[in-house]
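# Tertiary structure, described
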Amino acid sequence: MKFNAPRGTNDILPPDTLKWQYIEKKTHQIFSNYNYQEIRTPIFEYTGLFQRGIGEVTDIVEKEMYTFEDKGGRSITLRPEGTASVIRSFLENKIYGQAQPTKYYYIGPMFRYERPQSGRFRQFHQLGVEAIASNDPALDAEIISLGMRLLQGFGLDDLELHLNSVGCADCRPPYVDKLKNYLNEHQDQLCDNCKSRIDRNPLRVLDCKNKSCQSVIKDAPKITDNLCDSCTDHFDEVQEYLDILNLDYLINPLLVRGLDYYTNTAFEIKDNALGAQNTVFGGGRYNGLAEEIGNRDLPGIGFALGIERLLLSLEAKDIQLPVESGVDLYITVIGDKAKKESFKLLDQLRNQDFRTEMDYLDRGVGSQMKSADRMNAEYTIIIGEDELNNNSATIRNMKSGDEKEIQLSNLLEEMKKLVDKEDI
Ligand SMILES: [Zn+2]
Ligand SMILES: [Zn+2]
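These lines cover the structure that appears in this document, whether it is placed above or below. Predicted, not measured: the structure shown is a model, and the values here were computed from it.

## A few points about the coordination of the zinc ion (ligand 1)
The protein atoms that coordinate the zinc ion (ligand 1) are Cys168 (SG), Cys171 (SG), Cys228 (SG) and Cys231 (SG), at distances of 2.3 Å. Between the 4 donor atoms coordinating the zinc ion (ligand 1), the angles at the centre fall across 101 to 114°, so the site counts as tetrahedral. Note on Cys171: relative accessible area 5%, which makes it buried. With relative accessibility at 1%, the residue Cys231 sits in the buried group.

And the structure:
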């Protein structure tokens, strides 16, 4: 019998887990600077939530959800994204009764039945934010700058911000009609996929990469020329706030999000060095979503970022995250008595937050030193019967080779002097 992890999933192993921990730590830190608080929602929800909250005619809902019936006969779906759950939770827990806006973030696994390929898995991880119950354009700019800061914090610096407004329930439908008419007039130049989208979801045509479609799209009516006054004002103000932060952006009228509950601001952050697949992540306003899943008129804005995708971007740019595995001290032991004494010393050191290790395979001194080397020990000390009898041992700095004779009973004090705990 031999088991493999299910297709499209993978084990995240050490030392890679250190990178994940770093990303998570940095995320907590940066989000807390902006006063976003972490929310943890269930990994699975009732299927209906995603059907309403993502949209029936999306690829996610039509093809990619892990949906099953539980033993009670309920239709359950492993969450394919985070926003619907966050809004569901906000409504269910009546958070709208508290002081607003509510600023949440989340980090965790999501599930989509997709064809696995580089950077795309069936279990993948997202971190995301949602700012709920305010339509203030300053919040749009805050969310965008937060996303940029996050990426910059990981060392991505060749970023390009694409910005658009997708209008609202008043100005978008007339625009969509206009677009439909235009696309119908140019049907013969569109790919089959786009032809079938004209009625179902014409906005999706705007991001078709087909050459012939592109030539049609180039002259298609633009949403930015068809916004109502209130959407124009909102869009202008978002730009004003971005200007205040000195954030450069590019107005991209082709940047649309197909579903009705998306409103106003849409954005994508691209990394120029990444070639064709250069969108690192995107987000936008969804003022109609709470109405869709909870009959409540509540604005919201957010973004989600795939952690696997982020790691690929870092790899593509050869950016090393500042992570280091290792121990402060490796105790090499000779003999059973020394092992037991060392075991006690380890405990005292660990209790004072020193990272320490010893041998558990009864190996010789040479093998133990190799282990110490492999696990990046900063210091080693050899303890045998002689050292115990004399209360004296030599502590060695593995990098410099410097050695120091110390009293064994003073090991903890010596370590406090040697290792800068701030670095741990
Ligand atoms: Zn509008
Ligand atoms: Zn097309």
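## A short note on the pairing of strand E5 (residues 102-111)
Most of E5 sits out of view: 9 of its 10 residues are buried. Sheet topology note: the strand E1 (residues 37-38)/E5 ladder contains 2 bridges and is parallel. Within the sheet, the bridge partner assigned to Glu38 lies in E5 and is Tyr105. In this structure, E5 lies alongside strand E6 (residues 123-132), joined through 10 bridges in antiparallel fashion. Each bridged residue has a counterpart across the sheet, and for Tyr104 the counterpart in E6 is Glu130.

## Looking at the coordination of the zinc ion (ligand 2)
Looking at the zinc ion (ligand 2), one finds its protein donor set to be Cys191 (SG), Cys194 (SG), Cys208 (SG) and Cys213 (SG), positioned 2.2 to 2.3 Å from the metal centre. Bound by 4 donor atoms, the zinc ion (ligand 2) shows angles of 104 to 117° at the metal and therefore tetrahedral coordination geometry. For the zinc ion (ligand 2), all donor residues lie on one chain, and their spacing in sequence is C-x2-C-x13-C-x4-C. Of the residues examined, Cys194 reaches a relative accessible area of 0% and is grouped as buried.

About the criteria used
- Residues numbered from 1 in each chain as written.
- Chains lettered and ligands numbered in written order.
- Predicted model: local features only at pLDDT ≥ 70, side-chain atom pairs only at ≥ 80, totals over all residues.
- Heavy atoms only, no water.
- Donors = N, O, S within 2.8 Å, 3.2 Å for Na, K, Ca; no water.
- Tetrahedral: all angles 85-135°; square planar, octahedral: opposite > 155°, others 65-115°.
- Buried < 20%, exposed > 50% of the residue type's maximum accessible area, 1.4 Å probe, protein only.
- Helix = DSSP H or I, 4+ residues; strand = E, 2+ residues; numbered from the N terminus.
- Pairing = 2+ DSSP bridges.

Keep in mind these values describe shape, not function.
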